[in-house]
Amino acid sequence: MIHQRIHTGERPFSCSHCTKTFRTLSHLREHQRVHTRERPFTCSVCGKRFTHSSSLLSHNLTHTQERPFQCSDCGSSFKCSGDLMIHQRTHTGDRPFSCSHCTKRFRTSSNLREHQRVHTGERPFTCCVCGKGFTQLSSLQTHQRVHTGGRPFTCSVCGKGFTQSSSLRRHQRVHTGERPFTCCVCGKGFTQLSSLQTHQRQLG
């Protein structure tokens with residue numbers, strides 16, 4: 001019966017937190033961990049917790065040096081065959097996952113799922129302090145530093161701290177003098193893209 005749903009498209013199990021539906025109860029339960037933050041699978045080495053057993057198995061390989069899966073194009077090696085397969089798409093240009101709402105294509109199903117939230121408006125990651133919702137866990141983690149005051153990215157030159165690695169990179173240009181954004185009209189260089197765009201508007 002479960003197999004037949006692949007052909008019929010039937011998805012009788014609905015998430016009470018969002019609009020997603022699933023073919024099996026077990027898939028629904030796995031999905032609901034996105035909302036509940038439940039992480040029942042724990043690494044016995046470092047204590048890190050995971051929502052899926054498969055994620056824990058992949059993580060366990062980080063505690064070993066073994067990388068048995070090697071790319072025949074560039075020599076990069078990986079701990080699991082799935083990572084190698086995804087990596088190889090950077091060489092082939094293969095993007096097998098298509099968005100049903102627009103023309104964009106993606107190398108991984110997870111990138112497709114993240115993108116689709118642009119269309120659905122789904123924001124499954126919610127700040128427990130202010131209630132603001134986010135499409136990605138990384139965005140939530142960055143936002144939470146507003147409340148905690150955490151600045152984990154520190155400049156090695158002056159010691160100034162930043163909430164995001166991208167902010168640190170922009171700041172470091174003050175010390176290095178790097179100006180990667182160049183005006184194609186006059187050749188003037190800028191440390192930030194926004195500064196270049198402002199300059200170009202002034203030129204008309």
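Residues numbered from 1 in each chain as written. Predicted model: local features only at pLDDT ≥ 70, side-chain atom pairs only at ≥ 80, totals over all residues. Heavy atoms only, no water.

## Considering the overall build of the protein chain
Phase 1 of the analysis: Within the protein chain one finds eight helices and 14 strands.
Phase 2 of the analysis: In terms of overall dimensions, the protein chain is more spread out than a globule: its C-alpha atoms have a radius of gyration of 22 Å, far above the 17 Å expected for 204 residues.
Phase 3 of the analysis: Along the longest, intermediate and shortest principal axes, the C-alpha atoms of the protein chain span 65 × 45 × 40 Å.
Phase 4 of the analysis: Within the protein chain, the fraction of its 204 residues that count as buried is 23%.
Phase 5 of the analysis: Within the protein chain, contacts between residues separated by at least 24 positions form 5% of all contacts whose residues are at least 6 apart in sequence.
Phase 6 of the analysis: Computing the positive centroid from 30 side-chain charges and the negative centroid from 10, the protein chain places the two 10 Å apart. (Helix = DSSP H or I, 4+ residues; strand = E, 2+ residues; numbered from the N terminus. Rg over C-alpha atoms; globule rule 2.2 N^0.38 Å. Buried < 20%, exposed > 50% of the residue type's maximum accessible area, 1.4 Å probe, protein only. Contact = heavy atoms within 4.5 Å. Lys, Arg positive; Asp, Glu negative; His and termini not counted. Charge placed at Lys NZ, Arg CZ, Asp CG, Glu CD.)

## Concerning the environment of K132
Phase 1 of the analysis: Topologically, K132 is positioned in the loop between β9 (125-126) and β10 (133-134).
Phase 2 of the analysis: On the accessibility criterion, K132 (46% relative accessible area) is partly exposed.
Phase 3 of the analysis: Each C-alpha atom, one on K132 and one on Q144, is 9.9 Å from the other, the two residues being twelve residues apart in sequence.
Phase 4 of the analysis: Setting aside chain neighbours within four positions, we find K132 in contact with F125, T126, C127 and H143.

## Some details on the confidence of the model for the protein chain
Phase 1 of the analysis: When pLDDT is averaged along the protein chain, the result is 87; 98% of the residues meet or exceed 70.
Phase 2 of the analysis: For the protein chain, helix α1 (residues 4-8) is the element with the lowest average pLDDT, namely 70, and strand β8 (residues 105-106) is the one with the highest, namely 94. (pLDDT = per-residue confidence, 0-100.)

## What about the environment of S138?
Phase 1 of the analysis: Within the secondary structure, S138 is located in helix α6 (residues 137-148).
Phase 2 of the analysis: S138 sits 57 residues away from S195 along the chain, and the two C-alpha atoms are 26 Å apart.

## So, unusual backbone geometry
Phase 1 of the analysis: Non-glycine residue R37 carries a positive phi angle of around 65°.
Phase 2 of the analysis: You can call R37 partly exposed: its relative accessible area is 33%.

## A word on the side chain of R33
Phase 1 of the analysis: Mapped onto the fold, R33 is located in helix α2 (residues 25-36).
Phase 2 of the analysis: The contact partners of R33, leaving out residues within four places of it in the chain, are E38, P40, F41, T51 and H52.

## Examining the layout of surface pockets
Phase 1 of the analysis: Taken as a whole, the largest pocket holds about 840 Å³ of empty space.
Phase 2 of the analysis: Looking at the largest pocket, it is lined by 27 residues, and the ones nearest its centre are H52, S55, S109, S110 and R113.
Phase 3 of the analysis: In terms of residue count, helix α5 (residues 109-120) provides more of the lining of the largest pocket than any other element does, five residues in total.
Phase 4 of the analysis: Partitioning the lining of the largest pocket into residue classes produces eight nonpolar, twelve polar and seven charged.
Phase 5 of the analysis: In this model, the second largest pocket occupies a volume close to 380 Å³. (1 Å grid on protein atoms, 1.4 Å probe; cavity = no way out; pocket = protein on both sides within 12 Å on 5 of 7 lines; lining within 4 Å. Points joined across faces, edges and corners; volume = space filled by probe spheres on them. Nonpolar A, V, L, I, M, F, W, Y, C, P; charged D, E, K, R; others polar.)

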